[in-house]
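Read off the chains here:
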Amino acid sequence: MKHYVLLLIFTLLLVGCGRAETAAVPPDLLEGSTAIIAVESRLLDRGSGKLVEGDRAPDFSFTLPDGTTQRLSDLQGRPVVLNFWASWCLPCIEEMPAIEQVYQAAEGDLVVLAVNRNELPAAIARFANTVEVSFPLIADVTGTIGERYSITSLPVTYFINRDGTIRARHIGALSETMLAERIQALQ
C-alpha cells in the first residue's frame, strides 16, 4: 500500500510539472513578434455528437497574454472564422497569409481564432515568428476543443454566424477567394 501511495504522489508531481511547462512561452521566442498567443484554453461545452450546420458552436475560453479571458460566446454579434491548425501542417502554413489578408480587409468586423491542435505554446511561438498574423493563436494542448469540433485532419475551418451558430465547415486549405466567399455568406 505504501508503494502505491508513493507512486500516486510521484505521478501527481510529474503531471503538475508538465502543466507548468505548457503554460509558459519563453520570452526570447517572441522577441520582435507581434503574435497574440493564448497559452491557456478550456472547453466549456461538454456536449457530444457530430456538429452540423445550424448547431450552436461549442463554447470554449482562452486567456490572452494580458491576462484577460475571452469566451467564444462573448463574440456573438460578429462573424467568426475558427481555424484549426498545427505548425507541422504544410497546408495550414500555406493558408495563414490568406486568412490574415481577409481578416485585415474586414477592418474589425470579423473575428479570427486559430486553435492549434495539441502543440505546446513554445512550438506555437516558433511558428508565430515565421508567419505574421494579427489574430489570436490559441493553444489547445490537451486537444479537447479540437475533439469537440470533430477535428481528425488539418486544417479545418468553421464559419460561425453572428448568432453563434455554425454556418459551414471546410476541410483543407482555403484560398483568399474561398475565404472571402464563405465570410460573405455569414449572417
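As a starting point, this report considers the structure included with it.

Thresholds applied
- Residues numbered from 1 in each chain as written.
- Predicted model: local features only at pLDDT ≥ 70, side-chain atom pairs only at ≥ 80, totals over all residues.
- Heavy atoms only, no water.
- Salt bridge = Lys/Arg side-chain N within 4 Å of Asp/Glu carboxyl O.
- Helix = DSSP H or I, 4+ residues; strand = E, 2+ residues; numbered from the N terminus.
- Buried < 20%, exposed > 50% of the residue type's maximum accessible area, 1.4 Å probe, protein only.
- Polar contact = N/O pair within 3.5 Å; in protein donor to acceptor, adjacent residues only side chain to side chain.
- Contact = heavy atoms within 4.5 Å.
- Pairing = 2+ DSSP bridges.
- Axes fitted to C-alpha atoms, helices over the stretch in contact; angles between N-to-C directions.

### Looking at the pattern of salt bridges
- Applying the stated criterion across every chain, the model contains three salt bridges.
- One salt bridge connects D45 with R148, and the closest N-O pair in it is separated by 2.8 Å. In this pair, D45 is assigned in the loop between strand 2 (40-43) and strand 3 (60-63) and R148 in helix 4 (residues 144-148), connecting sequence segments 103 residues apart.
- Under the relative-accessibility criterion, D45 is labelled partly exposed at 25%.
- Of the residues examined, R148 reaches a relative accessible area of 11% and is grouped as buried.
- Among the ionic pairs, R162 bridges to D109, the shortest N-O distance being 3.0 Å. With R162 in the loop between strand 8 (156-160) and strand 9 (166-171) and D109 in the loop between helix 2 (90-105) and strand 6 (111-117), this residue pair connects regions lying 53 residues apart in the sequence.
- With a relative accessible area of 38%, D109 lands in the partly exposed category.

### Observations regarding the side chain of N161
- Looking at the secondary structure, you find N161 in the loop between strand 8 and strand 9.
- With a relative accessible area of 5%, N161 lands in the buried category.
- There is a polar contact of 2.9 Å between the side chain of N161 and the backbone nitrogen of Q187.
- Dropping the residues within four chain positions of it, N161 is found in contact with R78, I166, R167, L186 and Q187.

### A short note on the sheet that holds strand 2
- Within the open sheet, the three strands sit side by side as 2-3-4. Their pairing is antiparallel. Across the chains shown, the open sheet's two edge strands, defined by having one partner strand only, are strand 2 and strand 4 (69-71). On average, adjacent strands in this sheet sit at an angle of 15° to one another, irrespective of strand direction.
- Sheet topology note: the strand 3/strand 4 ladder contains three bridges and is antiparallel. Bridging across to strand 4, T63 finds its partner in T69.

### Section: unusual backbone geometry
- The omega angle of the peptide bond from L154 to P155 is -10°, so this bond is cis rather than trans.
- Structurally, P155 is set in the loop between helix 4 and strand 8.
- Its identity as a non-glycine residue notwithstanding, E107 has a phi of 50°, on the positive side.
- Within the chain, S150 stands out as a residue other than glycine whose phi angle is a positive 60°.
- The topology assignment puts S150 in the loop between helix 4 and strand 8.

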